[in-house]
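Here is what each chain is made of, one letter per residue.
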Amino acid sequence: MAKTYTVAKGDTLGKIARAQLGDAKLAVMLADFNGLPDLNQIFVGQRILLPTAKEQRPTAAAPAAPRAAVAWPAPPHGFQAVRDTFGDILAYLADDGGIDPKWEAERITRAALPFPIPLAWNTAQNATAIRCHKLLAPLLEEVFRQIESQGLKGAVRTYGGGYVFRPKRNGVKPSTHSWGIAIDLNPNTNAMGSAGDMDPRLVALFEEHGFTWGGRWSGGNKDPMHFQYCSGY
Ligand SMILES: [Zn+2]
């Protein structure tokens, strides 16, 4: 049975957590245990339930908690927001049009794939990871875990690339691939400007996770192989 504590003047959940549970960092768990929407919403006289050590554990590991809220940023909208979220790539452009190696060192990593995907340009070889932005790796790993668990592995036939520094094909702005926030799948049957044959279940899964699908763009911009983690750019 949980004990209770009555909030006094000057209390914060952090103070209460430290005094009653021995650790100020348990304030988040305490808010969650009491169903408080945020840490600052307490008032004098309010009764706060104090979980026992045993009760603290399942709450801390609540399976219903959305992982997305803490594990990766929300998809940015527009060029400025992409730079704010994933880095100012223009500051890394070299005079010859190339990219400073520091960009890759600071921003780019590899997201492990739960199953290998044949390379579009050499199907005898497989991709076992996706080169992508460091902030996006946990999300990509999650999406591909779900592709596997939902039985959609067969819809991913070839891998066309993730991070690659290149200007946007039809313009001077850098492509979202340059930030490592875009991936191309099944490029052989999903050429730019075509309707392509991307499995709608795959599209739905990516879109549920905040990705924009290039197959929704119109005319010559239509890019059905392409998924990117931003909109308006
Ligand atoms: Zn692409």
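Report follows, based on the coordinates. (Residues numbered from 1 in each chain as written. Predicted model: local features only at pLDDT ≥ 70, side-chain atom pairs only at ≥ 80, totals over all residues. Heavy atoms only, no water.)

What about the coordination of the zinc ion?
Put simply, the test is: Sites may look incomplete, because water is not among the atoms used; the donor set itself consists of N, O and S atoms within 2.8 Å of the metal (3.2 Å for Na, K and Ca). Here's how the labels work: a residue is buried when its accessible area is under 20% of the maximum for its type, exposed when over 50%, partly exposed in between, all with a 1.4 Å probe on protein chains only.
Coordination sphere of the zinc ion, protein contribution only: His-177 (NE2), Asp-184 (OD) and His-226 (ND1), at 2.0 to 2.1 Å. Along the chain, the residues donating to the zinc ion fall in the pattern H-x6-D-x41-H. Residues His-177 and Asp-184 agree in their burial class; the two are buried.

Quick notes on the packing of aromatic side chains
We apply this condition: Each aromatic pair joins two rings of Phe, Tyr and Trp (for Trp, the six-membered one) with centres within 6.5 Å, and gets the label stacked for planes under 30 degrees apart, edge-to-face for over 60, and tilted for any other angle. Every helix listed is a DSSP run of H or I at least four residues long, and every strand listed is a run of E at least two residues long, numbered separately from the N terminus.
Under the defined criterion, the tally for this structure stands at 10 aromatic pairs. Taking 6.1 Å as the distance between ring centres and 75 degrees as the angle between the ring planes, the aromatic pair formed by Phe-79 and Trp-179 counts as edge-to-face. Of this pair, Phe-79 sits in helix α5 (residues 79–86) while Trp-179 sits in the loop between β5 (159–161) and β6 (182–185); the two residues are 100 residues apart in sequence, bridging distant segments of the chain. Both rings, one in Tyr-92 and one in Trp-103, keep their centres 4.9 Å apart while their planes meet at 65 degrees; by these two values the pair is edge-to-face. Of this pair, Tyr-92 sits in the loop between α5 and α6 (101–107) while Trp-103 sits in helix α6, placing them 11 residues apart in sequence. In textbook terms, an aromatic cluster arises when at least three aromatic residues are bridged by ring pairs, as seen for Phe-86, Phe-115, Phe-144, Phe-206, Phe-211, Phe-227 and Tyr-229.

A look at unusual backbone geometry
Phi is positive for Asn-186, close to 45 degrees, though the residue is something other than glycine. Among the structural elements, Asn-186 can be located in the loop between β6 and α8 (200–208).

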